[in-house]
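# Reading the structure
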Amino acid sequence: MESINLDEKLSLFSGHWDPHVIADYNENDVMVVKFKGEYPFHKHDTTDDFFLVLEGEMELDIEGEPSRTVRAGELIVVPKGVVHRPRARDEVKVLLIEPKGEPNSGDSGRAPALKTRL
């Protein structure tokens, strides 16, 4: 049991849309990721999608609804089955929590990230 420095973990990589596992929480992966640009629209049929913005701001596009801006210090949970797309004009740093083995790509057709461990 150790504390984890999020800034330190985020400094270890520069790529975007590639979540890195930093801790285990029950049967979930706790991950940090950097976003820039836009991810394809997708949904997760069996799990909610959790985003906590650590630095910067992201837009979350929800199919059929207005986009939502999520700023540093804010979180948003997308319910399972809801089609969504995160995007960011400038780099944003985010903490994610999702069940182990859940592909981050959902049903987008994009190959899921490997979720390497830091």
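See the structure shown above.
Residues numbered from 1 in each chain as written. Predicted model: local features only at pLDDT ≥ 70, side-chain atom pairs only at ≥ 80, totals over all residues. Heavy atoms only, no water.

### Some points on the layout of surface pockets
Empty space left among the atoms is revealed by rolling a probe the size of a water molecule over them. Let me state the cut-off plainly: Every definition here rests on a 1 Å grid over the protein atoms only: cavities are sets of points where a 1.4 Å probe fits but cannot get out, pockets are open sets enclosed by protein on both sides within 12 Å along at least five of seven lines, and lining residues have some atom within 4 Å of a point. Grid points are joined across faces, edges and corners, and a volume is the space filled by probe spheres set on the points. Each helix is a run of DSSP H or I of at least 4 residues and each strand a run of E of at least 2, with the numbering of both proceeding from the N terminus.
The volume enclosed by the largest pocket comes to roughly 190 Å³. In terms of lining, the largest pocket is formed by G37, E38, G56, E57, M58, E59, R87, A88, R89, D90 and E91. If you list the elements that add at least two residues to the lining of the largest pocket, you get β2 (28-38), β4 (57-62) and β7 (84-99). The element best represented in the lining of the largest pocket is β7, accounting for five residues.

### Here's the deal with the pattern of salt bridges
Formally: A pair is scored as a salt bridge if a Lys or Arg side-chain nitrogen falls within 4 Å of a carboxyl oxygen belonging to Asp or Glu.
Taken as a whole and judged by the stated rule, the model has twelve salt bridges. Linking D107 and K43 is a salt bridge whose minimum nitrogen-to-oxygen distance equals 3.3 Å. Of the two residues, D107 sits in the segment after β7 while K43 sits in the loop between β2 and β3 (49-55), which places them 64 residues apart along the sequence. Taking the shortest distance from any N to any O, the salt bridge between E57 and R71 comes out at 3.5 Å. Here the residue E57 occupies a position in strand β4, and R71 occupies one in strand β5 (residues 68-71), the gap between them amounting to 14 residues. Members of the salt-bridge network, linked through shared partners, are D24, D29, K100 and R117.

Any functional reading would require information beyond the geometric quantities listed.
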